[in-house]
Each structure stands twice: as structure tokens, then as C-alpha cells.
Amino acid sequence: AVYILYGSSLILTAGVTMCGCCGDSPKNENPSSPPVQKNPLKNRGCTDIIFLVIFFLFWVGMVYIAAFSILNGDGFRLLYGYDSYGNTCDRPNQKIGNISLSGLDMTGKKYVFFMDIKDPFNSLQICVDKCPDKKLDSKLELFDFARSSKSNLCSYDTPIEHYRNSTTDKIGPCPVLPVFRSHDVLFRCVPAVLKDFVESYGQALINFLNDSDIFKNILHDLFASWPMMIALCGLALVLAFLMVLLIRYIAACVVWFILALSIVASIACCGVLWWTFYGYHSQMNEAEKTTIPILRIEVENEILFLIYSIIATVLTLILLLIILVMRKRIALTVALFHEAGKCIASMPLILIQPIWTFIALFIFFIYWGIVLAYLSTAGDPYQDQETGFIKYNERAPVRYMWWYHVVGLIWTSEFILANQQMAIAGAVATWFFTRDKKKLSCTMGKSICRLISHHLGSTAFGAFIITLVKLPRYILMWMQQKLKGKTNKCAEFCMKCCICCLWCLEKCLKYLNQNAYTVIAIEGTNFCSAAKKAFTTLVSNVLRVAAINSVGDFVLFLGKIAVMAATCAIGMIWFKTREDLNYYAIPVLLVCVFAYFIAHCFLSVYEMVIDSLLLCFCEDCQMNDGTEGKEYFMSQSLMKFVKNSSEAIARLQKKKAGTDQPDGELEQPESVPMVEKTAI
């Protein structure tokens, strides 16, 4: 927490300093020279600095809660429990007021023992070295157990020699007899009879598995094959990386093959349905001519197949019209797949961003969980008037800190994910709006530096918007769980509708935020302006977005399935060579699950790159028109989808022949004002 606070202060100071250093782009000193082109990446300023300050102050509160929890709470008290005198088990303790048996060193005594397990809330609790491993029916057996195991089951101030003459009661000094054989469950001594009862009636399936040795055999197989499983996960990692590099070549074949197959299958289905209907219709006509009685089921079949044929024909016509209208958009999707492949091939480090994000989230979740454990035990000890035992009450500020801590969990998690999206979008925008791509170096690192120095406020703003939607949804889900079965059906239905609407709103806002981060990475505007422009661009290019989100997502899903299937096939062949495995299908199943998630991590980056490239393409169309001084940044494969593409391509080829440079690698012009136009 201190590291995050210190790092945030450095980032905030650096951001303010760089904002002060942000100057205007150089002006065209010679007015008679031809207009020169503006590069959107050059115009950069600090965005949403107010929200960065708010997020920084919010984390000051998070650090205060962490300090308060650690100083006033005891996470080990939640883990090991505590006795009736306020001593935390397996820990040295400090004395509490005038309580005589408080402040004892309980190191080594890690189990909580109840004097009367039938009434654990009102019985005396002590810390013991060992739970009783056999049933104790008398004081003599209690004495023998304490002497042999060195685990005293009576109060701390009762010597072993006095066990035979001590009182057995739920408030001590010795436990109520008989003392049942116990097992430690979460460091609490729980009678084995209770555990056996639960296993007998609540876990019949587990007992069946244990009796048939299936469960033990599966555990044996997993333990024996874990090196092979790790090797197969590494193979899935390699296959996912290769799939990312190769999918740009196979995307076109897959997309057009699926479309052709859909058309042929739809037409064939219509033909078969009409042929079947014609058969029933002909049979009915022949029956009428020969005066043969007609069964009612034959008439119903004829009517049903007529309805099916009409519906299938209408759906086929709709499908053909959609493909006809969307053919150019689908072709753009294929072209964007190809461009995304080239982008990732030139910046392979972009693929490891999910790993860093996972590490950051993992560290934050551990920190959040530790603080939560201390916060839940941050109470003041007090002596119960009826029993005289020590209990802890929750302080008044703690209940408000709980909500603050939960908001911090959601906001910070979304902030980390938003930074990943912004970093990837910045790298893609840099690659797209650079003509001589051979000069690019450390693109991902520069994108992260640009994010830290300029746009952390925007990601904090976007994450805060998602938090405003997530928090009410979680509250409604909690209320629904608490009120389940206690309210009428209408109230439950309304609550489910609200949860569903908030979920849909959250998904829409996440998609809009991701595109807003791309606009920020391109233009350097604040979050609100970027979100407005992203929304306008998405609405004006709704068919392109629909094609990418449908066709593109399906192709990426096929890529994930391909990686999983290849890993599964190799794993099956490899596991068959192991004669010592009983149920090798279980390790193969786990390997398939891991392979799918590994492929998902890689191909989700591919999806982000495609979405960013679409906005870069639209932004390029708005900024430029292909004329001299305003040439397109996009490659020739994307220029085919621009209205004046033929003139722009001819002009580009002419300039290429004059400069003798490869396509798409022209000299980078200086800056001129950007021309705003409607997205095509």
C-alpha cells in the first residue's frame, strides 16, 4: 500500500510536470509551402487530471483503512480463532485490562476447544495443542489424555493434578463429559460424530467415490501426470502464439467458407423442404383422384411442411440480403484481421500484456484480502456481563470502511484493466499512424510511458463509471440472495429485471470505454470528448461494427477451439503411452480447460487490436482525403474500402515511384491542423 501511494505521488507529480511542458505543435513558418499533414499522435496533453487527483485521494483513504485495520485488527484472530479470555491462538498476546488469564503466549496452541460442543456460543473456549483423538468418558481419562498428549483440555489456571476433582461444566474449568473424538476444521475442534453425520447424509456421492476408489485413482493420476500437464500447457501457449500469427492468413478462408457453406446449406434446406411438401401435395392430389380416404395426419403434414418451407425461404432470402449488404463490411473485417496480424507481428510484446495485468490484479487481490481480514477483526474487546467472557464489538467507523473497501476493490480492478486497454490502444495507434514502420522501436513501452504521463486520469474516470454501474448491481444481487423466498414473485421478477438491465448497461459501457480509450490514444482528448466521438463513430459505422463483432468474434472463437482441440489430441496420444494412469481422461479435460483459457488470453488481445484498428481506420478517413499533403495513413488493403480509393492509391503509387520507397513508408510530413469530416 505504501508502495502504491508513493508510486501514485510520483506519477501525479510527473503528470503535472509534463502537462506544464506540453507545448503547441510547430507551426508552418513558410505560408507559401504546400500544406503538410498533421499526425494525431503528436498532439498530446494531460487528460482528466482532476480524476487522477480524486483517485489518488481515494487511495489515500485506502491506505488509511489499511493502516487502521492493521493497527486495530488481528488477521490471525480470524484464522486461528481466540479463547474466552481474548487470547489469539498460536500467537503471543497482550493483556486486556484486568482480565487475569489474558495476555498469555499461545504459540503452538493453534486449535480452539469448546467446553460444551452442544452450546458453543455460551461455553468456555480455550486454545489447545491437540484436539482429542478419542472419546473421553471420565475425569480419569481426561487426566490421562492431558498427561500423555501434553494437551490440557481444562482451563489454563487448572493444574493437571486437579483434573480428577474439578467441576465439568460449559463454563469450566473442565469440559462437559463425555468429550467426543474430534477433528480440526478451520483450526476448531469439531466432534468426529458430527463430521461422520455430515458425510453420511450430506455427502453420499463422496462416500461412494471413496468406496469405489475412483476419487483416489483420479488424485493419483493428477499427481503422476502433472509434469505432462504443465508441458501440454506450454504447448498450448506455443500453439496460441502461432494461431495469433497465422489467423490473419486463414481468417479470409474461414470467413468466406462459412458464408458459402451457410448459403449452400440454407438453399439446400429450402429445396428439401419444398421437395417434401411437393411430395405430400402430389400424394394428396393422387388420393383425391382415386377417391382414396385421406388421413388427417397427412393433411396436417402437408400444411406443416408448407409453413416450414415458407419460413425457411423467407429466412434464406433475409440471409442472402444481409450477406449482399454486408459483403464489403465482411471484407473489411478480413482486411482488419490481416492488418492486426501485421501489427502484432511487428509488436510481439503486446501479447504479454495480459500476463502483467494478471500479476497486477493478483497482487492487488492479495493486498485487498489481507486488509479485509484485519478490517473484519478491528474491534474493541469487552467483557460479557452474563458469562464474563471476552468478545469483540465492531467499531462505528468500520461499517463505513467496509463499503469504502468494496468500492476500492471494484474501482482499482477496473482501473488496472482500463490501463491494459489504453496501453494496447496506444501501441496500435502508434503503429497505424506511423508511415515508416521500420523506425518503430519499443512501441509498447512508449505507449505505457505515454499512458502514465498523460492519460491515467482518463482510465481512472472510465473505471469510475463502470464502478457506478457495478456497485448497484452487486447490492441488488446481495439483496436478492438475502430475500430469496421471503418476497412475492413480482418483487423477485422486478429485481431480476433490474439486475439484468444493469448488466447490459455495464457491457455497453465497457465496450464504449474501450473505444473511448482508443480515441484518447489517437487524439489525446479527455474522456468525455473521446467517449462522445467513439459513440458517434460506432453509430455511423454500425454495420462495420456488427460485422466485426459477429464474424470476427466467431473466427476468434474457432481459433480458441482449434488450440484446445490440437492440445487435446496431442495430450490423448501422449497419455495413452502411460500404463500407470487409470483415468487419463481427467488430466486431458483439465489440460483442455487450461488450453482454452490460454488461447483466450492471446486472442482477446487480437480482438482489442482489431477494435482499435477499426477506430484508427475511421479516424484516418475523417482526417484525410488522399490528396497531396493529406495522404491516408492506412495501407492499400484498407484503402479499397474508401470512396476515393482509386485516386488515393494512384497518387500513392506515383509518389512511391518518385521517392523510391516501399508502400506505406513515405516521409513523415510536419503538422497542420486536422480537418474534421463525417465518418464514412
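- An unreviewed UniProt entry annotates the chain as Choline transporter-like protein originating from Owenia fusiformis.
- Its UniProt record, at the heading Function (unreviewed entry), says of the chain: "Choline transporter."
- Per UniProt, the comment on the chain under Sequence similarities (unreviewed entry) is "Belongs to the CTL (choline transporter-like) family."

**As for the overall build of the chain**
Stage number 1. For the chain, the count of helices and strands is 17 helices and six strands.
Stage number 2. Counting contacts in the chain only where the partners sit at least 6 residues apart, residues at least 24 apart contribute 71% of the total.
Stage number 3. Total accessible area on the chain is roughly 36300 Å²; 67% of this is exposed by carbon and sulfur atoms.

**A closer look at the state of the cysteines**
Stage number 1. If you walk through the whole model with that rule in mind, you get three disulfides.
Stage number 2. C89 shares a disulfide with C127; S-S distance 2.0 Å. On the sign convention where negative is left-handed, the bridge of C89 and C127, at about -80° about the S-S bond, is left-handed. Of this pair, C89 sits in the loop between helix 3 (75–80) and strand 1 (111–114) while C127 sits in strand 2 (residues 125–128), placing them 38 residues apart in sequence. We note that C89, like C127, is buried.
Stage number 3. Disulfide pairing places C154 opposite C174 at an S-S distance of 2.0 Å. Where C154 bonds to C174 through sulfur, the torsion about that S-S bond is close to 110°, and the disulfide is right-handed. Of the two residues, C154 sits in the loop between helix 4 (139–149) and strand 3 (182–185) while C174 sits in the loop between helix 4 and strand 3, which places them 20 residues apart along the sequence. The same class applies to C154 as to C174, namely buried.
Stage number 4. We note that C494 lacks a disulfide partner, and the nearest cysteine sulfur, in C490, lies 4.2 Å from it.
Stage number 5. Cysteine C618 is unpaired, with the sulfur of C621 as its nearest cysteine sulfur at 6.3 Å.

**With respect to helix 4**
Stage number 1. Within helix 4, the full set of buried residues consists of L142, F143, F145, A146 and S149. Buried residues along helix 4 cover an arc of 165° about the axis, so they all sit on one side.

**As for the nonpolar core**
Where a protein is soluble and globular, its nonpolar side chains tend to be buried together.
Stage number 1. Ranked by size, the top nonpolar core spans 108 residues in total, and within it I350, F432, Y606 and V609 carry the most contacts.
Stage number 2. It is helix 15 (residues 585–623) that provides the largest number of residues to this core, a total of 18 residues.
Stage number 3. The residues contacting V609, other than those within four sequence positions of it, are A340, C343, I344, I350, I424 and V428.
Stage number 4. Listed in part, the 21 residues of the second largest apolar core include Y111, M115, L142 and F389.

**Observations concerning the pattern of salt bridges**
Stage number 1. Applying the stated criterion across every chain, the model contains 12 salt bridges.
Stage number 2. Here D133 makes a salt bridge to K130, at a shortest N to O gap of 3.1 Å.
Stage number 3. Looking at D133, the relative accessible area reads 41%, which means it is partly exposed.
Stage number 4. The partner of K342 in a salt bridge is E339, and the shortest N-O contact between them spans 3.0 Å.

**Describing a nonpolar patch on the surface**
Stage number 1. Together, W274, I303, L304, L306, I307, Y308, I310, I311, V314, L315, I318 and I322 give the surface a local cluster of nonpolar side chains, amounting to about 1000 Å² of exposed area.
Stage number 2. If you tally residues by element for the nonpolar patch, the top one is helix 8 (residues 296–346), at 11 residues.
Stage number 3. When you line up the elements, I311 lands in helix 8.

**Structural notes on the packing of aromatic side chains**
Stage number 1. Applying the stated criterion across every chain, the model contains 25 aromatic pairs.
Stage number 2. Judged by centre distance (6.3 Å) and plane angle (25°), the rings of Y111 and F187 are stacked. Of this pair, Y111 sits in strand 1 while F187 is found in the loop between strand 3 and strand 4 (188–191), placing the two residues 76 residues apart along the sequence.
Stage number 3. Centre to centre, the rings of F461 and F527 are 5.0 Å apart; their planes meet at 55°, and the pair counts as tilted. Placement of the pair is F461 in helix 11 (residues 443–482) and F527 in helix 13 (residues 527–540), with a sequence separation of 66 residues. With respect to class, F461 is no different from F527; both count as buried.
Stage number 4. Taken together, the ring pairs connect F51, F55, F58, Y404, W411, F415, F461, F464, Y517 and F527 into an aromatic cluster.

**Some remarks on the pairing of strand 1**
Stage number 1. Of the two faces of strand 1, the one holding Y111 and F113 and the one holding V112 and F114 are both buried throughout.
Stage number 2. Summarising the sheet, strand 1 and strand 2 pair through four bridges and their orientation is antiparallel. Paired with Y111 across the two strands is V128, which belongs to strand 2.

**Examining the packing of helix 12 (residues 489–523) against helix 13**
Stage number 1. Relative orientation of the contacting elements helix 12 and helix 13 amounts to 110°, with a least axis distance of 8 Å. Classified by the angle their axes make, helix 12 and helix 13 are roughly perpendicular. The element helix 12 and its partner helix 13 pack so that their crossing is right-handed. Contacts from Y511, L512, N513, N515, A516, Y517, V519, I520 and E523 in helix 12 reach F527, A530, A531, K533, A534, F535 and L538 in helix 13.
Stage number 2. The class makeup of the residues in the contact of helix 12 with helix 13 is 12 nonpolar, two polar and two charged.

**Description of the environment of L375**
Stage number 1. Relative to the helices and strands, L375 resides in helix 9 (residues 353–376).
Stage number 2. Residue classification places L375 among the buried residues on the basis of a relative accessible area of 1%.
Stage number 3. In this structure the C-alpha to C-alpha distance between L375 and R399, which are 24 residues apart in sequence, comes to 9.5 Å.
Stage number 4. Sequence-distant contacts of L375, defined by excluding residues within four places in its chain, comprise I65, S69, V398, M401, W402 and H405.

**Things to note about the packing of helix 12 against helix 15**
Stage number 1. Remark: helix 12 packs on helix 15, axes separated minimally by 10 Å, with the N-to-C direction vectors making an angle of 55°. Relative to helix 15, the element helix 12 is oriented oblique. Helix 15 is crossed by helix 12, and the crossing has right-handed handedness. The segment helix 12 lies against helix 15, with Y511, Q514, N515, T518, V519, I522 and E523 engaging M608, D611, S612, L615, C616 and E619.
Stage number 2. Its residues placed into classes, the contact of helix 12 with helix 15 shows six nonpolar, four polar and three charged.

**Some points on the side chain of D74**
Stage number 1. With respect to the secondary-structure elements, D74 resides in the loop between helix 2 (49–72) and helix 3.
Stage number 2. There is a polar contact of 3.2 Å between the side chain of D74 and the backbone nitrogen of F76.
Stage number 3. With near-sequence residues (within four places) excluded, D74 lies in contact with T88, Y374 and T377.

The rules we used
The residue count restarts for each chain, going from 1 along the sequence in the order it is written. Where totals are concerned, whole chains, interfaces and linings use all residues; where local detail is concerned, this predicted model gives features only for residues with pLDDT of at least 70, and gives and counts side-chain atom pairs only at 80 or more. Neither water nor hydrogens contribute to the side-chain values; these are computed over all heavy atoms in the structure. UniProt positions are given in the numbering used here, feature names are shortened, and annotations may be inferred rather than shown by experiment. Runs of H or I in DSSP of at least four residues are treated as helices and runs of E of at least two as strands, each being numbered from the N terminus. Residue contacts are counted whenever heavy atoms from the two residues lie within 4.5 Å of one another. In these tables, accessible area is a Shrake-Rupley quantity obtained with a 1.4 Å probe, and a residue counts as shielded only by the protein chains included in the view. A pair of cysteine sulfur atoms is labelled a disulfide when the two atoms are within 2.5 Å. Summary of the burial criterion: residues with accessible area below 20% of their type's maximum are buried, those above 50% are exposed, and those between are partly exposed, where the area comes from a 1.4 Å probe applied to protein chains only. Note that the arc is computed from the directions linking the helix axis to the C-beta atoms. In plain words, nonpolar cores are sets of buried Ala, Val, Leu, Ile, Met, Phe, Trp, Tyr and Cys residues tied together by side-chain atoms within 4.5 Å. By salt bridge we mean one thing: a side-chain nitrogen of Lys or Arg within 4 Å of a carboxyl oxygen of Asp or Glu. Patch construction takes residues with relative accessible area above 30% that form no salt bridge. Like charges are linked within 9 Å, and nonpolar side chains (Val, Leu, Ile, Met, Phe, Trp, Tyr) are linked within 5 Å. Any two of the Phe, Tyr and Trp rings considered here, Trp counted by its six-membered ring, make a pair once their centres fall within 6.5 Å; the pair's planes then place it as stacked at under 30 degrees, edge-to-face at over 60, or tilted in between. Any two strands between which DSSP finds at least two bridges are classified as paired. Axis definition: a line fitted to C-alpha atoms, over the contacting stretch in the case of helices. Angles run 0 to 180 degrees between N-to-C directions. Each angle receives one of four descriptions, namely roughly parallel if under 35 degrees, roughly antiparallel if over 145, roughly perpendicular if within 65 to 115, and oblique otherwise. Helix crossings are classified by the rotation of the near helix relative to the far one: an anticlockwise turn of less than a right angle makes the crossing left-handed, while a clockwise turn makes it right-handed. Note on residue classes: Ala, Val, Leu, Ile, Met, Phe, Trp, Tyr, Cys and Pro are nonpolar, Asp, Glu, Lys and Arg are charged, and everything else, Gly too, is polar. In protein, a polar contact requires one atom able to donate a hydrogen and another able to accept it; more generally it is a pair of N or O atoms within 3.5 Å, and residues adjacent in sequence count only if both atoms are side-chain atoms.

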